[in-house]
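Each chain, written out:
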Amino acid sequence: MKLRDMTELAVRNLREAILRNSLTTLGVAVGVASLVAMLSLGVGLQQLATSRLSKSGLFDTIFVTAKTNLRGPGAGPPATRAAAPKARPLDEDARAELAKLPDVIEVYPQIRFFTEVRFDGKPFATTVAGMPDSSKASGSFDGMQGSFFASPTADEAILQIEFAKELNPQPAQLVGKELILRYAERQSTAPDAASGQNPGGFTVVPKEKHLRIVGVVETEPASGFGGFGSGRLLIPLLVAETLRAAQVNDLRDVLRDQSSEKPAYASLTVRAKSPSLVDGTEAKIKNMGFSAFSLLDASKSLRIFFTVFDLLLGIFGSLALAVATLGIVNTLVMAILERRREIGVLKALGAADRDVKQLFFVEAGVMGLAGGVLGVVFGWLIGQALTLGTNIYLKRQDLPGVEISAVPWWLVGAILFAVLVSLVAGLYPASRAAKLNPVDALRYE
(Lines give C-alpha, C1' and ligand atoms only; values in the text may rest on other atoms or scores of the structure.)
Protein backbone atom coordinates (compact mmCIF):
# COMPACT_ATOMS: atom_id res chain seq x y z
CA MET A 1 0.00 0.00 0.00
CA LYS A 2 1.34 3.43 -1.00
CA LEU A 3 2.06 6.00 1.68
CA ARG A 4 -0.36 8.48 0.07
CA ASP A 5 -3.23 5.98 0.09
CA MET A 6 -2.42 4.96 3.64
CA THR A 7 -2.41 8.59 4.83
CA GLU A 8 -5.77 9.31 3.16
CA LEU A 9 -7.28 6.19 4.68
CA ALA A 10 -5.91 7.06 8.14
CA VAL A 11 -7.29 10.61 7.98
CA ARG A 12 -10.71 9.28 6.84
CA ASN A 13 -10.79 6.82 9.73
CA LEU A 14 -9.93 9.59 12.19
CA ARG A 15 -12.77 11.75 10.83
CA GLU A 16 -15.31 8.99 11.28
CA ALA A 17 -14.81 8.97 15.06
CA ILE A 18 -14.04 12.64 15.26
CA LEU A 19 -15.24 13.24 18.82
CA ARG A 20 -13.27 10.40 20.38
CA ASN A 21 -10.16 11.13 18.30
CA SER A 22 -10.41 14.86 19.01
CA LEU A 23 -10.55 14.21 22.74
CA THR A 24 -7.54 11.91 22.48
CA THR A 25 -5.64 14.52 20.46
CA LEU A 26 -6.63 17.15 23.02
CA GLY A 27 -5.23 14.91 25.75
CA VAL A 28 -1.92 14.80 23.92
CA ALA A 29 -2.06 18.58 23.50
CA VAL A 30 -2.64 19.08 27.23
CA GLY A 31 0.29 16.79 28.05
CA VAL A 32 2.63 18.61 25.65
CA ALA A 33 1.35 21.99 26.87
CA SER A 34 2.13 21.13 30.50
CA LEU A 35 5.59 19.93 29.49
CA VAL A 36 6.33 23.03 27.40
CA ALA A 37 4.88 25.41 30.01
CA MET A 38 6.97 23.96 32.84
CA LEU A 39 10.18 23.85 30.83
CA SER A 40 9.62 27.37 29.51
CA LEU A 41 9.09 28.52 33.09
CA GLY A 42 12.40 26.97 34.15
CA VAL A 43 14.23 28.45 31.15
CA GLY A 44 12.63 31.86 31.74
CA LEU A 45 13.59 31.94 35.42
CA GLN A 46 17.15 30.91 34.55
CA GLN A 47 17.43 33.65 31.93
CA LEU A 48 15.96 36.17 34.38
CA ALA A 49 18.46 35.27 37.10
CA THR A 50 21.39 35.23 34.67
CA SER A 51 20.46 38.55 33.06
CA ARG A 52 19.96 40.24 36.43
CA LEU A 53 23.32 39.03 37.71
CA SER A 54 25.01 39.91 34.43
CA LYS A 55 23.56 43.42 34.50
CA SER A 56 24.71 43.83 38.09
CA GLY A 57 28.30 43.48 36.89
CA LEU A 58 29.08 40.54 39.17
CA PHE A 59 29.97 38.03 36.45
CA ASP A 60 32.51 40.29 34.75
CA THR A 61 33.92 41.78 37.96
CA ILE A 62 37.22 41.06 39.72
CA PHE A 63 37.85 42.35 43.25
CA VAL A 64 41.46 43.33 43.88
CA THR A 65 43.10 43.87 47.27
CA ALA A 66 46.68 44.38 48.39
CA LYS A 67 48.56 41.42 49.80
CA THR A 68 49.18 41.93 53.50
CA ASN A 69 51.34 40.30 56.11
CA LEU A 70 48.78 38.65 58.36
CA ARG A 71 51.37 38.28 61.15
CA GLY A 72 51.21 42.02 61.72
CA PRO A 73 53.94 44.60 62.22
CA GLY A 74 56.89 43.67 64.40
CA ALA A 75 56.07 39.94 64.31
CA GLY A 76 58.98 37.56 64.15
CA PRO A 77 62.73 38.14 64.54
CA PRO A 78 64.38 41.19 62.93
CA ALA A 79 66.15 39.07 60.32
CA THR A 80 62.86 37.56 59.16
CA ARG A 81 61.19 40.98 59.00
CA ALA A 82 64.04 42.37 56.92
CA ALA A 83 63.92 39.45 54.46
CA ALA A 84 60.14 39.57 54.01
CA PRO A 85 59.19 41.39 50.77
CA LYS A 86 57.12 44.51 51.21
CA ALA A 87 53.55 44.21 49.95
CA ARG A 88 52.82 46.28 46.89
CA PRO A 89 50.47 49.17 47.76
CA LEU A 90 47.13 49.42 46.00
CA ASP A 91 47.49 53.10 45.12
CA GLU A 92 46.80 55.32 42.11
CA ASP A 93 49.81 53.93 40.24
CA ALA A 94 48.47 50.41 40.66
CA ARG A 95 45.03 51.57 39.51
CA ALA A 96 46.51 53.06 36.33
CA GLU A 97 48.49 49.89 35.65
CA LEU A 98 45.38 47.72 36.09
CA ALA A 99 43.43 49.97 33.71
CA LYS A 100 46.05 49.34 30.98
CA LEU A 101 45.51 45.57 31.06
CA PRO A 102 43.93 44.17 27.88
CA ASP A 103 40.23 43.23 28.13
CA VAL A 104 39.70 45.66 31.06
CA ILE A 105 37.02 48.30 30.53
CA GLU A 106 36.86 49.92 33.96
CA VAL A 107 38.79 50.17 37.22
CA TYR A 108 37.38 52.02 40.19
CA PRO A 109 38.01 52.02 43.95
CA GLN A 110 35.70 50.81 46.67
CA ILE A 111 35.03 53.92 48.74
CA ARG A 112 33.07 53.32 51.94
CA PHE A 113 33.29 55.35 55.13
CA PHE A 114 31.22 55.69 58.26
CA THR A 115 30.24 59.26 59.04
CA GLU A 116 27.43 61.58 60.06
CA VAL A 117 24.88 63.65 58.14
CA ARG A 118 22.75 66.50 59.34
CA PHE A 119 19.21 66.82 58.09
CA ASP A 120 16.63 69.26 59.37
CA GLY A 121 19.11 70.26 62.12
CA LYS A 122 19.45 66.70 63.47
CA PRO A 123 22.51 64.37 63.26
CA PHE A 124 22.21 60.86 61.76
CA ALA A 125 24.98 58.28 61.62
CA THR A 126 25.31 56.49 58.31
CA THR A 127 27.64 54.74 55.86
CA VAL A 128 28.55 56.54 52.64
CA ALA A 129 29.36 54.63 49.45
CA GLY A 130 30.68 55.95 46.16
CA MET A 131 28.83 54.58 43.11
CA PRO A 132 30.39 54.50 39.62
CA ASP A 133 28.36 55.90 36.75
CA SER A 134 28.18 52.41 35.21
CA SER A 135 26.08 51.20 38.17
CA LYS A 136 23.10 52.95 36.59
CA ALA A 137 22.75 50.02 34.16
CA SER A 138 23.12 47.36 36.86
CA GLY A 139 19.38 47.04 37.48
CA SER A 140 19.79 47.95 41.15
CA PHE A 141 18.13 51.31 40.60
CA ASP A 142 15.11 50.02 38.66
CA GLY A 143 11.87 51.24 40.17
CA MET A 144 13.55 53.74 42.47
CA GLN A 145 11.77 56.88 43.66
CA GLY A 146 13.32 59.92 42.01
CA SER A 147 16.20 59.63 39.55
CA PHE A 148 19.84 58.64 39.21
CA PHE A 149 22.67 61.18 39.53
CA ALA A 150 22.48 63.95 36.93
CA SER A 151 26.21 63.60 36.21
CA PRO A 152 29.27 61.75 37.61
CA THR A 153 30.36 64.95 39.40
CA ALA A 154 26.96 66.15 40.68
CA ASP A 155 26.70 67.03 44.39
CA GLU A 156 23.75 64.68 44.79
CA ALA A 157 22.81 61.74 46.97
CA ILE A 158 20.58 58.68 46.76
CA LEU A 159 19.30 57.25 50.02
CA GLN A 160 18.69 53.63 50.86
CA ILE A 161 15.05 53.42 51.94
CA GLU A 162 15.68 52.26 55.52
CA PHE A 163 17.95 55.25 56.13
CA ALA A 164 15.49 57.51 54.32
CA LYS A 165 12.74 56.43 56.74
CA GLU A 166 14.95 57.54 59.62
CA LEU A 167 15.06 61.02 58.12
CA ASN A 168 11.36 61.11 57.19
CA PRO A 169 8.60 58.50 57.58
CA GLN A 170 7.51 59.49 54.06
CA PRO A 171 10.70 58.83 52.02
CA ALA A 172 9.26 60.20 48.77
CA GLN A 173 9.07 63.66 50.35
CA LEU A 174 12.87 63.73 50.71
CA VAL A 175 13.52 64.00 46.97
CA GLY A 176 14.73 67.51 46.16
CA LYS A 177 15.77 68.40 49.71
CA GLU A 178 19.32 69.00 50.96
CA LEU A 179 21.42 67.40 53.67
CA ILE A 180 24.89 68.13 55.05
CA LEU A 181 27.52 65.42 54.90
CA ARG A 182 30.10 65.74 57.69
CA TYR A 183 33.29 63.76 57.17
CA ALA A 184 37.00 63.66 58.06
CA GLU A 185 39.25 64.67 55.15
CA ARG A 186 42.58 62.89 54.88
CA GLN A 187 45.52 65.28 54.50
CA SER A 188 49.07 64.03 54.13
CA THR A 189 51.67 65.45 56.52
CA ALA A 190 55.08 66.63 55.38
CA PRO A 191 58.06 64.32 56.02
CA ASP A 192 60.17 65.00 59.10
CA ALA A 193 63.22 67.00 57.99
CA ALA A 194 65.52 65.40 60.58
CA SER A 195 64.74 61.75 59.99
CA GLY A 196 63.40 62.03 56.44
CA GLN A 197 60.46 59.91 57.45
CA ASN A 198 56.76 60.57 57.70
CA PRO A 199 55.97 60.71 61.42
CA GLY A 200 52.26 59.98 61.22
CA GLY A 201 51.39 59.61 57.55
CA PHE A 202 48.38 61.94 57.50
CA THR A 203 46.08 64.11 59.54
CA VAL A 204 42.30 64.40 59.42
CA VAL A 205 40.40 67.66 59.10
CA PRO A 206 36.64 67.90 59.65
CA LYS A 207 34.77 68.98 56.53
CA GLU A 208 31.20 69.46 55.34
CA LYS A 209 29.53 68.84 51.98
CA HIS A 210 26.05 69.95 50.93
CA LEU A 211 24.21 67.33 48.89
CA ARG A 212 20.82 67.37 47.23
CA ILE A 213 18.70 64.21 47.58
CA VAL A 214 17.65 63.01 44.10
CA GLY A 215 16.34 59.51 44.80
CA VAL A 216 15.37 56.78 47.24
CA VAL A 217 16.17 53.15 46.39
CA GLU A 218 14.78 50.06 48.12
CA THR A 219 17.69 47.71 47.41
CA GLU A 220 21.29 48.10 48.60
CA PRO A 221 23.17 48.74 45.33
CA ALA A 222 26.46 49.36 47.09
CA SER A 223 26.34 45.84 48.49
CA GLY A 224 25.55 44.18 45.17
CA PHE A 225 27.66 46.39 42.89
CA GLY A 226 31.10 45.91 44.36
CA GLY A 227 30.53 43.33 47.02
CA PHE A 228 32.21 45.00 50.01
CA GLY A 229 29.79 46.14 52.67
CA SER A 230 26.65 48.16 52.19
CA GLY A 231 25.98 51.85 51.80
CA ARG A 232 23.01 53.77 53.16
CA LEU A 233 23.89 57.08 51.50
CA LEU A 234 25.09 56.84 47.90
CA ILE A 235 27.05 59.55 46.11
CA PRO A 236 28.81 59.64 42.71
CA LEU A 237 32.18 57.91 42.84
CA LEU A 238 34.06 60.91 41.44
CA VAL A 239 32.56 63.09 44.18
CA ALA A 240 33.55 60.53 46.81
CA GLU A 241 37.12 60.54 45.50
CA THR A 242 37.40 64.34 45.67
CA LEU A 243 36.30 64.26 49.33
CA ARG A 244 39.45 62.29 50.25
CA ALA A 245 37.59 61.00 53.28
CA ALA A 246 39.62 58.98 55.78
CA GLN A 247 38.74 55.28 55.62
CA VAL A 248 39.40 52.22 57.73
CA ASN A 249 42.37 51.15 55.61
CA ASP A 250 44.12 54.46 56.37
CA LEU A 251 44.07 53.65 60.08
CA ARG A 252 45.22 50.11 59.35
CA ASP A 253 48.22 51.36 57.35
CA VAL A 254 49.28 53.65 60.20
CA LEU A 255 49.12 50.78 62.70
CA ARG A 256 51.19 48.61 60.36
CA ASP A 257 53.66 51.43 59.70
CA GLN A 258 52.82 51.27 55.98
CA SER A 259 51.46 54.78 55.53
CA SER A 260 52.78 57.00 52.76
CA GLU A 261 52.06 60.32 51.14
CA LYS A 262 50.11 58.55 48.42
CA PRO A 263 46.73 57.34 49.67
CA ALA A 264 46.12 53.63 49.20
CA TYR A 265 42.81 52.01 48.34
CA ALA A 266 41.23 49.32 50.46
CA SER A 267 40.20 47.52 47.28
CA LEU A 268 39.72 48.08 43.57
CA THR A 269 37.04 46.69 41.30
CA VAL A 270 38.19 45.63 37.84
CA ARG A 271 35.57 44.96 35.16
CA ALA A 272 36.43 42.79 32.17
CA LYS A 273 34.86 43.07 28.73
CA SER A 274 32.99 39.78 29.20
CA PRO A 275 32.72 36.97 31.80
CA SER A 276 34.77 34.67 29.55
CA LEU A 277 37.80 36.97 29.97
CA VAL A 278 37.64 37.10 33.78
CA ASP A 279 39.87 34.08 34.48
CA GLY A 280 42.73 35.30 32.28
CA THR A 281 42.53 38.85 33.64
CA GLU A 282 42.44 37.58 37.22
CA ALA A 283 45.61 35.54 36.64
CA LYS A 284 47.40 38.62 35.26
CA ILE A 285 46.39 40.68 38.29
CA LYS A 286 47.75 38.04 40.66
CA ASN A 287 51.02 38.01 38.73
CA MET A 288 51.26 41.76 39.39
CA GLY A 289 51.47 41.06 43.13
CA PHE A 290 47.86 41.63 44.22
CA SER A 291 45.15 39.42 45.65
CA ALA A 292 42.16 38.95 43.35
CA PHE A 293 38.95 36.93 43.24
CA SER A 294 35.76 36.82 41.18
CA LEU A 295 32.24 35.42 41.54
CA LEU A 296 32.20 33.01 38.59
CA ASP A 297 32.02 30.04 40.96
CA ALA A 298 28.62 31.30 42.11
CA SER A 299 27.38 31.31 38.51
CA LYS A 300 28.52 27.71 38.05
CA SER A 301 26.50 26.66 41.10
CA LEU A 302 23.55 28.61 39.72
CA ARG A 303 23.69 26.71 36.42
CA ILE A 304 23.78 23.36 38.28
CA PHE A 305 20.73 24.39 40.31
CA PHE A 306 18.69 25.37 37.24
CA THR A 307 19.71 22.20 35.38
CA VAL A 308 18.28 20.07 38.19
CA PHE A 309 15.26 22.41 38.40
CA ASP A 310 14.54 22.03 34.67
CA LEU A 311 14.89 18.25 34.98
CA LEU A 312 12.31 18.09 37.77
CA LEU A 313 9.92 20.35 35.87
CA GLY A 314 10.31 18.14 32.79
CA ILE A 315 9.52 15.02 34.81
CA PHE A 316 6.35 16.51 36.29
CA GLY A 317 5.31 17.86 32.90
CA SER A 318 5.77 14.43 31.33
CA LEU A 319 3.22 12.87 33.70
CA ALA A 320 0.36 14.52 31.81
CA LEU A 321 1.85 13.25 28.54
CA ALA A 322 1.97 9.73 30.01
CA VAL A 323 -1.75 9.94 30.77
CA ALA A 324 -2.36 11.10 27.18
CA THR A 325 -0.42 8.04 25.96
CA LEU A 326 -2.91 5.76 27.70
CA GLY A 327 -5.68 7.67 25.95
CA ILE A 328 -4.12 6.91 22.54
CA VAL A 329 -3.84 3.21 23.41
CA ASN A 330 -7.47 3.12 24.50
CA THR A 331 -8.68 4.92 21.35
CA LEU A 332 -6.82 2.64 18.95
CA VAL A 333 -7.85 -0.55 20.79
CA MET A 334 -11.48 0.54 20.56
CA ALA A 335 -10.93 1.28 16.86
CA ILE A 336 -9.81 -2.33 16.33
CA LEU A 337 -13.06 -3.66 17.79
CA GLU A 338 -15.15 -1.30 15.65
CA ARG A 339 -13.24 -1.88 12.42
CA ARG A 340 -12.74 -5.66 12.36
CA ARG A 341 -14.68 -6.02 9.10
CA GLU A 342 -12.63 -3.20 7.53
CA ILE A 343 -9.40 -4.91 8.55
CA GLY A 344 -10.72 -8.20 7.17
CA VAL A 345 -11.57 -6.56 3.81
CA LEU A 346 -8.12 -5.00 3.60
CA LYS A 347 -6.46 -8.36 4.20
CA ALA A 348 -8.78 -10.08 1.74
CA LEU A 349 -7.79 -7.51 -0.90
CA GLY A 350 -4.13 -8.38 -0.40
CA ALA A 351 -3.01 -6.05 2.36
CA ALA A 352 -0.16 -7.54 4.35
CA ASP A 353 0.11 -7.53 8.13
CA ARG A 354 2.75 -4.82 7.74
CA ASP A 355 0.28 -2.60 5.87
CA VAL A 356 -2.35 -2.90 8.62
CA LYS A 357 0.27 -2.19 11.25
CA GLN A 358 1.49 0.89 9.35
CA LEU A 359 -2.09 2.14 9.01
CA PHE A 360 -2.53 2.22 12.78
CA PHE A 361 0.92 3.75 13.17
CA VAL A 362 -0.03 6.56 10.80
CA GLU A 363 -3.25 7.20 12.75
CA ALA A 364 -1.32 7.36 16.03
CA GLY A 365 1.29 9.62 14.44
CA VAL A 366 -1.34 12.03 13.09
CA MET A 367 -2.91 12.34 16.55
CA GLY A 368 0.54 12.89 18.07
CA LEU A 369 1.49 15.50 15.46
CA ALA A 370 -1.76 17.45 15.85
CA GLY A 371 -1.57 17.21 19.64
CA GLY A 372 2.09 18.27 19.64
CA VAL A 373 1.47 21.39 17.55
CA LEU A 374 -1.53 22.39 19.67
CA GLY A 375 0.43 21.61 22.84
CA VAL A 376 3.34 23.88 21.94
CA VAL A 377 0.89 26.70 21.16
CA PHE A 378 -1.03 26.11 24.41
CA GLY A 379 2.23 25.91 26.39
CA TRP A 380 3.39 29.23 24.95
CA LEU A 381 0.02 30.82 25.80
CA ILE A 382 0.23 29.48 29.37
CA GLY A 383 3.72 30.97 29.73
CA GLN A 384 2.50 34.33 28.44
CA ALA A 385 -0.45 34.22 30.85
CA LEU A 386 1.91 33.51 33.78
CA THR A 387 4.14 36.40 32.74
CA LEU A 388 1.15 38.73 32.39
CA GLY A 389 -0.26 37.77 35.78
CA THR A 390 3.13 38.15 37.45
CA ASN A 391 3.67 41.59 35.93
CA ILE A 392 0.21 42.74 37.03
CA TYR A 393 1.05 41.70 40.60
CA LEU A 394 4.49 43.38 40.44
CA LYS A 395 2.95 46.55 39.08
CA ARG A 396 0.58 46.69 42.04
CA GLN A 397 3.64 46.40 44.29
CA ASP A 398 5.37 49.26 42.39
CA LEU A 399 8.01 46.86 41.05
CA PRO A 400 9.36 46.58 37.49
CA GLY A 401 8.01 43.89 35.20
CA VAL A 402 9.91 40.70 34.40
CA GLU A 403 9.82 37.95 31.79
CA ILE A 404 9.46 34.66 33.70
CA SER A 405 8.71 32.40 30.73
CA ALA A 406 10.76 31.77 27.59
CA VAL A 407 10.24 29.21 24.82
CA PRO A 408 13.62 28.49 23.19
CA TRP A 409 13.76 26.95 19.72
CA TRP A 410 14.61 23.50 21.05
CA LEU A 411 11.27 23.28 22.89
CA VAL A 412 9.64 22.93 19.47
CA GLY A 413 11.13 19.44 19.65
CA ALA A 414 8.21 18.67 21.95
CA ILE A 415 6.22 18.10 18.72
CA LEU A 416 8.61 15.33 17.68
CA PHE A 417 8.49 13.97 21.22
CA ALA A 418 4.68 13.85 21.07
CA VAL A 419 4.80 12.00 17.72
CA LEU A 420 7.33 9.52 19.12
CA VAL A 421 5.23 8.90 22.24
CA SER A 422 2.13 8.42 20.07
CA LEU A 423 3.92 5.88 17.87
CA VAL A 424 5.04 3.98 20.96
CA ALA A 425 1.44 4.06 22.21
CA GLY A 426 0.29 2.62 18.89
CA LEU A 427 2.63 -0.39 19.06
CA TYR A 428 0.22 -2.69 20.88
CA PRO A 429 -2.97 -1.77 18.95
CA ALA A 430 -1.14 -1.98 15.61
CA SER A 431 0.35 -5.38 16.47
CA ARG A 432 -3.06 -6.65 17.61
CA ALA A 433 -4.78 -5.43 14.44
CA ALA A 434 -2.14 -7.05 12.23
CA LYS A 435 -2.66 -10.44 13.89
CA LEU A 436 -6.42 -10.56 13.14
CA ASN A 437 -7.51 -13.54 11.04
CA PRO A 438 -9.18 -12.16 7.87
CA VAL A 439 -11.89 -14.85 7.86
CA ASP A 440 -12.83 -14.18 11.48
CA ALA A 441 -12.69 -10.45 10.84
CA LEU A 442 -15.09 -10.68 7.87
CA ARG A 443 -17.55 -12.76 9.93
CA TYR A 444 -17.49 -10.20 12.78
CA GLU A 445 -20.74 -8.27 13.28
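Details of the structure are given in the entry above.
The structure displayed is predicted, hence computed values, not measured ones. (Residues numbered from 1 in each chain as written. Predicted model: local features only at pLDDT ≥ 70, side-chain atom pairs only at ≥ 80, totals over all residues. Heavy atoms only, no water.)

Engineer: Looking at this structure, how should I read the overall build of the chain?
Structural biologist: Along the backbone of the chain there are 15 helices and 11 strands. Looking at the chain as a whole, 42% of its 445 residues qualify as buried. Here the analysis covers contacts within the chain between residues at least 6 apart in sequence; of these, 79% occur between residues at least 24 apart. Carbon together with sulfur atoms contributes 61% to the accessible area of the chain, which is approximately 23300 Å² in total. (Helix = DSSP H or I, 4+ residues; strand = E, 2+ residues; numbered from the N terminus. Buried < 20%, exposed > 50% of the residue type's maximum accessible area, 1.4 Å probe, protein only. Contact = heavy atoms within 4.5 Å. Areas by Shrake-Rupley, 256 points an atom, 1.4 Å probe, with all protein chains shown as cover.)

Engineer: When you look at the nonpolar core in this model, what are you seeing that I'm missing?
Structural biologist: Side chains of a nonpolar character, in soluble globular proteins, are inclined to be buried together. Ranked by size, the top nonpolar core spans 27 residues in total, and within it L159, L167, L179, L233 and I235 carry the most contacts. Secondary-structure elements contributing two or more residues to this core are β3 (112-119), β4 (122-131), β6 (156-160), α5 (161-167), β7 (178-188), β8 (202-217), β9 (233-236) and α7 (237-243). Apart from residues lying up to four places away in sequence, L167 is in contact with F119, F124, L159, L174 and L179. Counting 17 residues, the second-largest nonpolar core is a separate cluster that includes L90, L98, V104 and L268. (Core = buried A, V, L, I, M, F, W, Y, C linked by side-chain atoms within 4.5 Å.)

Engineer: Even after reading the chapter, I still don't get the sheet that holds strand β2 (residues 104-109), so can you show me in this structure?
Structural biologist: Hydrogen bonds between backbone atoms are what pair the strands of a sheet, whose relative direction is either parallel or antiparallel. The sheet built from four strands is open, its strands ordered β2-β10-β1-β11 with antiparallel pairing. A strand with exactly one partner marks an edge of an open sheet, and here the two such strands are β2 and β11 (290-294). The average undirected angle you get between the axes of adjacent strands in this sheet is 25 degrees. With five bridges connecting them, strand β1 (residues 61-66) and β11 associate as antiparallel partners. (Pairing = 2+ DSSP bridges. Axes fitted to C-alpha atoms, helices over the stretch in contact; angles between N-to-C directions.)

Engineer: Before we go on, may I ask you to explain the pattern of salt bridges in this structure?
Structural biologist: Side-chain pairing between opposite charges can occur once the charged atoms of the two side chains come close. Inspection of the entire model under this criterion finds 10 salt bridges. For the salt bridge of E116 with R182, the shortest nitrogen-to-oxygen distance reads 3.4 Å. Note that E116 is positioned in strand β3 and R182 in strand β7, a separation of 66 residues in sequence. A salt bridge links R212 to E156; the nearest nitrogen and oxygen atoms lie 3.2 Å apart. Residue R212 is located in strand β8, and its partner E156 is located in strand β6; the two are separated by 56 residues in the primary sequence. Overall, the relative accessible area of 36% leaves R212 in the partly exposed class. Using a relative accessible area of 7% as the deciding quantity, one classes E156 as buried. Here the salt bridges do not stand alone but share partners, grouping E92, R95 and E241 into one network. (Salt bridge = Lys/Arg side-chain N within 4 Å of Asp/Glu carboxyl O.)

Engineer: Please clarify how the packing of helix α12 (residues 353-396) against helix α14 (residues 427-434) should be interpreted in this entry.
Structural biologist: Helix-helix packing is described using two parameters, namely the angle between the two axes and the distance between the axes. Running from N to C, α12 and α14 point in directions that differ by 150 degrees, and their axes come no closer than 8 Å. Of the possible angle classes, the one that applies to α12 and α14 is roughly antiparallel. For the element pair α12 and α14, the recorded crossing hand is right-handed. Touching D353, V356, K357, F360 and F361 of α12 are L427, A430, S431, A433 and A434, all from α14. (Parallel < 35°, antiparallel > 145°, perpendicular 65-115°, else oblique. Left-handed = near helix turned anticlockwise from the far one by under 90°.)

Engineer: I would appreciate a short explanation of the environment of P275 in the present structure.
Structural biologist: Take P275: it is sitting in the loop between β10 (268-272) and α9 (278-287). In this structure P275 comes out as partly exposed when scored by relative accessible area, which is 36%. For the pair P275 and L295, spaced 20 residues apart in the sequence, the C-alpha separation amounts to 9.9 Å.

Engineer: Please explain the packing of aromatic side chains as it appears in this structure.
Structural biologist: Two descriptors summarise a pair of aromatic rings, namely the distance from one centre to the other and the angle between the planes of the rings. Tallied over the full model, the rule gives three aromatic pairs. Ring centres of F63 and F293 lie 5.3 Å apart, and the angle between their planes is 45 degrees; this geometry places the pair in the tilted category. Residue F63 is found in strand β1, and its partner F293 is found in strand β11; the two are separated by 230 residues along the sequence. Relative to F149, the ring of F148 lies with its centre 4.8 Å away and its plane at 55 degrees, an arrangement referred to as tilted. Ring-pair connections join several aromatic residues into one group, and the members of that group are F141, F148 and F149. (Phe/Tyr/Trp six-rings, centres within 6.5 Å; stacked < 30°, edge-to-face > 60°.)

Engineer: Hey, could you run me through unusual backbone geometry in this one?
Structural biologist: It is generally the case that most residues other than glycine have a negative phi and that most peptide bonds are trans. Its identity as a non-glycine residue notwithstanding, D103 has a phi of 70 degrees, on the positive side. For D103, the position within the fold is in the loop between α4 (92-99) and β2. For D120, which is not glycine, the phi dihedral falls at a positive 55 degrees.

Engineer: Explain the packing of helix α13 (residues 413-425) against α14 to me, please; I cannot follow it from the model alone.
Structural biologist: α14 packs onto α13 with a crossing angle of 40 degrees between their chain directions and a minimal axis gap of 4 Å. Judged by the inter-axis angle, α13 sits oblique to α14. Taken together, the residues of α14 that come into contact with α13 (itself represented by L423, V424 and A425) are L427, Y428 and P429. For the contact of α13 with α14, the per-class residue count stands at six nonpolar, no polar and no charged. (Nonpolar A, V, L, I, M, F, W, Y, C, P; charged D, E, K, R; others polar.)

Engineer: Hey, could you run me through the side chain of S405 in this one?
Structural biologist: On the secondary structure map, S405 appears in the loop between α12 and α13. In this structure the side chain of S405 is engaged in a polar contact, spanning 3.2 Å, whose partner is the side chain of S40. Apart from residues no more than four positions distant in its own chain, S405 is found in contact with S40, L41, G44, G383 and T387. (Polar contact = N/O pair within 3.5 Å; in protein donor to acceptor, adjacent residues only side chain to side chain.)

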